[in-house]
Amino acid sequence: MALAACAGSPTQTPGQGQSAPAATGATAGGTEVADAAVGKIYNPSDKKGGTLKMANTADWDSLDPGNTYYGYSLNFARLYGRALLMFKAAPGTDGNTLVPDLAESVGKASDDAKTWTYKLRKGVKFEDGTEVTSKDVAYAVARQFDKEIHPNGPTYLNALLDWPKGYKGAYKSKDADFSSAVETPDDQTIIFHLKEPFGLFDYIMQMPMTMPVPKDKDTGTKYQEHVISTGPYKFEKNEIGKGFTLVRNDQWDPATDPNRPALPDRIEVQTGVNADDVDNRLISGDVHIAVDGLGIGNAALPKVLPDPALKARTDNPVQQRTWYTSIIPDVAPLDNVECRRAIAFAADRNSLYRAYGGETGGVITTSLIPPSMAGYKPIDLYKSEGDKGDVEKAKAALAKCGQPNGFETNIAYRTERTKEKAAAESLQQSLARVGIKLTLKPYPQDDYFALYAGKPSYVKENKIGLAINGWGSDYPDTYGFMQAITDSRDIRDAGNYNLSVKIPEVDKMIDQIKAEPDAAKRADMWSQIDHMVIDQAVVMPSVASKALYMRGKGLTNLFISDSQQMYDYVGVGVQQ
Amino acid sequence: MVTYIIRRVIGALAMLLIVSIVTFAIFFLVPRLAGATPEAFAARYVGRGASMDTIRLVAERLGFYDPVAVQYGRFLKGIVAGTEYDTGAGVDHCPAPCFGYSFITQQPVWPNLMDRSRVTLSLGIGAAVLWLVGGVATGVLSALRRGSFFDRSAMGIALAGVSLPIFFTGMISLSIFSYGLGWTAPGGAWVDVTIDPLQWAYNLLLPWITLALLFAATYARLTRAGMLETMGEDYIRTARAKGLVERGVVVKHGLRAALTPIVTVFGLDFGLLMGGAVLTESTFSLNGLGKYAVDAIKNNDLPAVMGVTLLAALFVVVANLVVDLLYAVVDPRVRLA
């Protein structure tokens, strides 16, 4: 990798999945090795039993499969629910594979990729013993349509399917016929009708919105209190805001489910636990896994990193998440591409890398697409000695822009995020070398996109030339990562994650990608888009994020899969 | 006496009304000054990448399009007369006093408050007993042995106790006593007293001590000062001259007089315990009112914020009332006409 040659940069190859994952044990006889769950299985085992203890520093957006979007929730929901498809519970890139779950096979698309058909497996039951039919899946899709009741979940299906005019979802349009969107010709078949061709529909079908919900048990906003399970575990007790317990679902038949080893007998989850306390409990062994997948907090880092015994119990994978700075062309003089390029040349990327936590925080990246995703290519447009920035080239660009002495602008970041503050300060220092004067503008993260850095009118009025941002993927396809932050047609009055990328050629190419069945060609087009965005200097990538996870004591069969970007909760077990 | 109590209750209600208006205003008016539209408010309560339609639906559902006064009126009406909540699949009745449903979890606030107040009460009562007994006893002993090694070291520890923040002492004691030595329960341990009183006390021991340490210090110093003053009074000399045993002198005559300011402070402290509970519960991951308040504020969960603020205000008001009534018992001089 070209990155490894940079002085002071991490030498680790980006992307935990670069080497073929080997399903061999990294540990023997209790010796702990760092990164033992990255790209391979830590302590492989198929022994069942025991109680898995998990702690969450915050709380689920919802346990209702039709109303959840948090990454760890999508990972976790597979323990109590079965969607049509799922990501294979396997380490590294192998975990990117879509496998049939409730369905017998992946979707069968019509030639125009507008009609997708799935056949359900026979013998799958709800926890009360009722057999799951395609009607239960159709109902689940229709109920999540009502975003007034279920505002948290992904909106993909509302946007993609050909819903009847004026349809308001399963509650308000109770007996309406929605077969133009979802059809169930028999109990084992479900057909989805799309408005436009969409070749990646299978990726949507693995999300929890397709987990079946029995109509007569649906209690709307209260369904989260007792989700009717189809997976290997069901809720024994659920106290929202405090935690819950999962026990084995005796109606789950492993013969219908080749994907889930279902090792623990019981899973106990505490929510709203003090983040520092979670780290302490991971270290002491009182908790097995921090369920939120955010990694070790700042308070515990100085304790864990210098201690070889503790560091050996960590996993430090590169994630499908990029930390970057938006360079906003709406704010003069950044409407001139040369002024934007001056910023990209002058920035000290080594200093930015350290701002984002250094070795354990990420790897320096020059492209927006994360290293483990299709279409990733290093983009060497703004290369400099030791990644410290090229002052001469920056000055030349400034001269071309007509601002030879530099200019003044503002940089926005989220107040609560210390790393983003450090990144903004780093840019302030390195850009000052060429006369570009930055004023730091911290904003509260809750309203960052709704009121400030994501609101075009605010950005223009307040001359926010730069904004610190970050983005992670919904599902491990480049479309899921790139579309939301490069398609200018999605820019609205407020709440934008992207408002700096507004390139007509990029929009056109995204449409071509949607219709392109060949994955290699899609990847190539994404590379081109990435290159255009970086060349236009409307986005300046800093690091491909790495997370530092701590393994509790006594875990078995633990691994990080590329699709989940954290420990895979379907595979894991505990020693007894 | 009866008119006095009635007057105080009316005053308390007015106070609560003001607190609720101020909380409501802060929540809605401050962001509005920063340019927040109803949609911008609603954008906090939807998932990532939600469409504008979703945001509008949620703004409508949460009533953000109505004037703030109308929204406030609806809140008051819920408390007095209860309200109804559309769950999609049906209608949920929320009987008075209904503090509404959480914007985040869509759960009714009131049952949550009641459930969590058990934790905060357990924490508060246990800690109060510890700090009262510990603080007053230390104060009395210090006063009687003024200038001794005990006096000096006790007052030194007391000073440290008031100065160290709970999140510091809590985290340190957790990692030493719970995770290091294994003597006490880990963070987040909780069993209701009605289920297993011993386990209840064991789980709460460390939070009790941590919280009590903060308050005990004040009491030790207050008691010491009060005792030193009263023990120098003429009537103490008289009592001794009468031939009363020293224990009787100290407890009946000395301590009783020194107790009046302690009761005042205790009443206020117990009411203000929420402040200490916020930190203790967050540090020890106890699901009480304090942590509920923190989570509610972090999540911009207005109904939850309103509920917990009003409950805390009620606590303070009631504690003050009780203190005023207790005065009459402790100190006959202030008995009301």
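Regarding the packing of aromatic side chains
Enumeration according to the criterion identifies 51 aromatic pairs over all chains in this entry. For the ring pair Phe99 of chain B and Trp110 of chain B, a centre distance of 5.2 Å and an interplane angle of 10 degrees mean the geometry is stacked. Of this pair, Phe99 of chain B sits in the loop between strand 2 (91-94) and helix 5 (109-144) while Trp110 of chain B sits in helix 5, placing them 11 residues apart in sequence. Residue placement shows Arg551 of chain A over the ring face of Tyr42 of chain A; its charged tip is 4.4 Å from the ring centre. The ring of Trp471 of chain A carries the charged tip of Arg48 of chain B above its face, separated from the ring centre by 4.4 Å.

Topic: the domain arrangement of chain B
Residues and elements named next belong to chain B. Per the domain assignment, the segments making up chain B are domain 1 (2-94) and domain 2 (111-330). Each of domain 1 and domain 2 has a C-alpha centre, and these two points are 34 Å apart. Across the boundary between the two partners, domain 1 contributes 16 residues, which contact 14 residues of domain 2. Counting each side, the surface lost to burial between domain 1 and domain 2 is near 1300 Å², with a carbon and sulfur contribution of 82%. Among the residues domain 1 hides against domain 2, the three largest losses belong to Arg8, Leu16 and Phe27. Together they make up 35% of the total. At the boundary of domain 1 and domain 2, one finds 0 salt bridges. Seen at the junction of domain 1 and domain 2, the total is 1 residue pair in polar contact (both at pLDDT 80 or more). Within the residue set of the side of domain 1 that touches domain 2, elements represented by two or more residues are helix 1 (2-33) and helix 4 (68-81).

Considerations on the pairing of strand 17 (residues 464-472) of chain A
Here is the key point about a regular strand: its side chains alternate between the two faces of the sheet. All names here are of chain A. Judged by how many residues are buried, strand 17 sits mostly within the fold: 9 of 9 residues are covered. Inspection of the sheet shows strand 13 (residues 318-327) paired to strand 17 by 7 bridges, in the antiparallel sense. Looking across to strand 17, one finds that Ser326 is bridged to Ala467. As judged from the 3 bridges shared by strand 15 (residues 408-414) and strand 17, these two strands associate in the parallel manner. Bridge pairing in strand 17 places Asn410 opposite Ile464.

What counts, and where the lines are drawn
- Residues numbered from 1 in each chain as written.
- Chains lettered and ligands numbered in written order.
- Predicted model: local features only at pLDDT ≥ 70, side-chain atom pairs only at ≥ 80, totals over all residues.
- Heavy atoms only, no water.
- Phe/Tyr/Trp six-rings, centres within 6.5 Å; stacked < 30°, edge-to-face > 60°.
- Helix = DSSP H or I, 4+ residues; strand = E, 2+ residues; numbered from the N terminus.
- Lys NZ or Arg CZ within 6 Å of the ring centre and 35° of its normal.
- Domains from an automatic or database assignment.
- Contact = heavy atoms within 4.5 Å.
- Buried area = accessible area lost by both parts, 1.4 Å probe.
- Salt bridge = Lys/Arg side-chain N within 4 Å of Asp/Glu carboxyl O.
- Polar contact = N/O pair within 3.5 Å; in protein donor to acceptor, adjacent residues only side chain to side chain.
- Buried < 20%, exposed > 50% of the residue type's maximum accessible area, 1.4 Å probe, protein only.
- Pairing = 2+ DSSP bridges.

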